[in-house]
Amino acid sequence: VFTKGFASCSASFFDSVRDQFNISIKNNVFLMVLKSDYSDFSYFFSKAFKPQGVLSIEFSNFNNEKINKMEGMFSSCENLKEIKGLADFDTSKITNMAYLFNGCKSLSSISISSFETSSVTNMNKMFFNCSSLFYLDISNFNLKNIISADDIFEGINNLEYLDISKIGRASC
């Protein structure tokens, strides 16, 4: 995982995950290499950083098959402009995607049509206050097990492209 542009990090967070990651910082770029079966990425970037300073995140050669929690993973990353490598995420074990991009006010596009969402039950406020978002492709989302998706698109003011053409939903 690479992040660029952050202002400071939480020492207590890094103490708690020191055994799971190799961590280095160079030229204002944070490199974190997963070295174990870390699975809980709930509110990960808001626990790790003062998330307002994160500008870019890249998942490169990232083995994420063990991830089972993503709730609020990018929450409060107000200045985050891009996330690279999300298309390769294995989300088949995820049940909660609530607040996933909550408050990512600077993200202009998110391409996550490859997310496997058939196990997801909660998408509350998933894109809440993503006010710069103008492109969103969730065309292959499977919503058959969704119980709650309150305010999923609340606060998106600039959306020009939303692809929901192939969304799967159980009949009601």
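From a predicted model like this one, the values you see are computed outputs, not experimental measurements. (Residues numbered from 1 in each chain as written. Predicted model: local features only at pLDDT ≥ 70, side-chain atom pairs only at ≥ 80, totals over all residues. Heavy atoms only, no water.)

Moving on to the sheet that holds strand 6 (residues 109-111). Pairing in this open sheet of three strands is parallel, and the strands run 6-7-8 from one edge to the other. For this open sheet the edge positions go to strand 6 and strand 8 (161-163), each flanked by a neighbour on one side alone. In this sheet, adjacent strand axes meet at a mean angle of 10 degrees when their direction is disregarded. With three bridges connecting them, strand 6 and strand 7 (residues 135-137) associate as parallel partners. Residue pairing for strand 7: Ser109 is matched across the bridge by Tyr135. (Pairing = 2+ DSSP bridges. Helix = DSSP H or I, 4+ residues; strand = E, 2+ residues; numbered from the N terminus. Axes fitted to C-alpha atoms, helices over the stretch in contact; angles between N-to-C directions.)

The geometry of an aromatic ring pair comes down to the distance between the two centres and the angle between the two planes. Taken as a whole, this structure holds five aromatic pairs when the rule is applied. Between Phe101 and Phe127, the aromatic rings sit 5.6 Å apart at their centres with planes inclined by 5 degrees, giving stacked as the arrangement. Pair noted here: Phe101 is in the loop between strand 5 (82-84) and strand 6 and Phe127 is in the loop between strand 6 and strand 7, with a separation of 26 residues, a long-range link. The exposure class of Phe101 is buried, given its relative accessible area of 0%. Taking relative accessible area as the criterion, Phe127 reaches 0% and is therefore assigned buried. For the ring pair Tyr135 and Tyr161, a centre distance of 4.7 Å and an interplane angle of 5 degrees mean the geometry is stacked. Placement of Tyr135 in strand 7 and of Tyr161 in strand 8 is noted, with a sequence separation of 26 residues between them. (Phe/Tyr/Trp six-rings, centres within 6.5 Å; stacked < 30°, edge-to-face > 60°. Buried < 20%, exposed > 50% of the residue type's maximum accessible area, 1.4 Å probe, protein only.)

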